[in-house]
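# Chain and residue survey
Here is how the chains run, residue by residue.
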Amino acid sequence: AMRAFMEADAYHGPALILCYCPCSEHGIEGGSDVFVAHAKMAVSSGYWPLFRFNPANITKGKPALEIDAPNATATKTEGITKDVHTLLSQENRFVRLMREKPERADFLHTNLVHTVTNKWDNLKRLAALQPASQTPAAAAPAHAVEAPKQ
């Protein structure tokens, strides 16, 4: 996480960091140790992938997209199912759905497992598409507009 903050701070342009933040409203209580453990479970289950996109890496000969989390799809889908189910069973918003509408919860859980698997496959595909020899201009999306130099 600190690497992401340091890269974002050093990047000359807009930077965005998205974090998974469990809270007591989700039923996660017990202080920062419990919050950190829950966030680690979100990462290890594949629910919240860790990756960084830094266009400045291209000029250093590195790929712009770096995946920092372990590969959730390296395990069997049953492992992802178990880990995601464990994660969801600790949050009030999902427990309530499981209790009140179990059929709907099962349907959504199955779709979530497929989404997690597809998300990882797409992330790996995108990381593989970025040759380290790209120039920064080639790496920028076609709709990107450079900020005026000051």
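## Here's the deal with the layout of surface pockets
- The computed volume of the largest pocket comes to approximately 960 Å³.
- If you trace the largest pocket, you find 26 residues lining it, with A4, I17, L18, F51 and R52 closest to the centre.
- Every element with two or more residues in the lining of the largest pocket is listed here: α1 (2-10), α2 (32-44) and β1 (51-53).
- For the lining of the largest pocket, the residue count by class is 20 nonpolar, one polar and five charged.

## Digging into the environment of A39
- Looking at the secondary structure, you find A39 in helix α2.
- C-alpha separation for the pair A39 and L87, spaced 48 residues apart in sequence, amounts to 9.2 Å.
- In contact with A39, other than residues within four places in its own chain, are Y20 and P22.

## Here's the deal with the confidence of the model for the protein
- Confidence along the protein averages 78 in pLDDT terms, with 77% of residues attaining 70 or more.
- In the model of the protein, helix α6 (residues 136-139) stands out as the element of lowest mean pLDDT, 48, in contrast to helix α4 (residues 92-100), which has the highest, 91.
- A low-confidence stretch, residues 138-148 (pLDDT under 50), is modelled with two contacts involving residues beyond four sequence positions or located in other chains.

## A few points about the packing of α4 against helix α5 (residues 102-128)
- Close contact between α4 and α5 brings their axes to 5 Å; oriented N to C, the two are set at 125°. It follows from the interaxial angle that α4 and α5 lie oblique. Every residue of α5 that contacts α4 at L97, M98, R99 and E100 is listed here: P102, R104, A105 and L108.
- Its residues placed into classes, the contact of α4 with α5 shows five nonpolar, no polar and three charged.

Reading the values: the criteria
- Residues numbered from 1 in each chain as written.
- Predicted model: local features only at pLDDT ≥ 70, side-chain atom pairs only at ≥ 80, totals over all residues.
- Heavy atoms only, no water.
- 1 Å grid on protein atoms, 1.4 Å probe; cavity = no way out; pocket = protein on both sides within 12 Å on 5 of 7 lines; lining within 4 Å.
- Points joined across faces, edges and corners; volume = space filled by probe spheres on them.
- Helix = DSSP H or I, 4+ residues; strand = E, 2+ residues; numbered from the N terminus.
- Nonpolar A, V, L, I, M, F, W, Y, C, P; charged D, E, K, R; others polar.
- Contact = heavy atoms within 4.5 Å.
- pLDDT = per-residue confidence, 0-100.
- Axes fitted to C-alpha atoms, helices over the stretch in contact; angles between N-to-C directions.
- Parallel < 35°, antiparallel > 145°, perpendicular 65-115°, else oblique.

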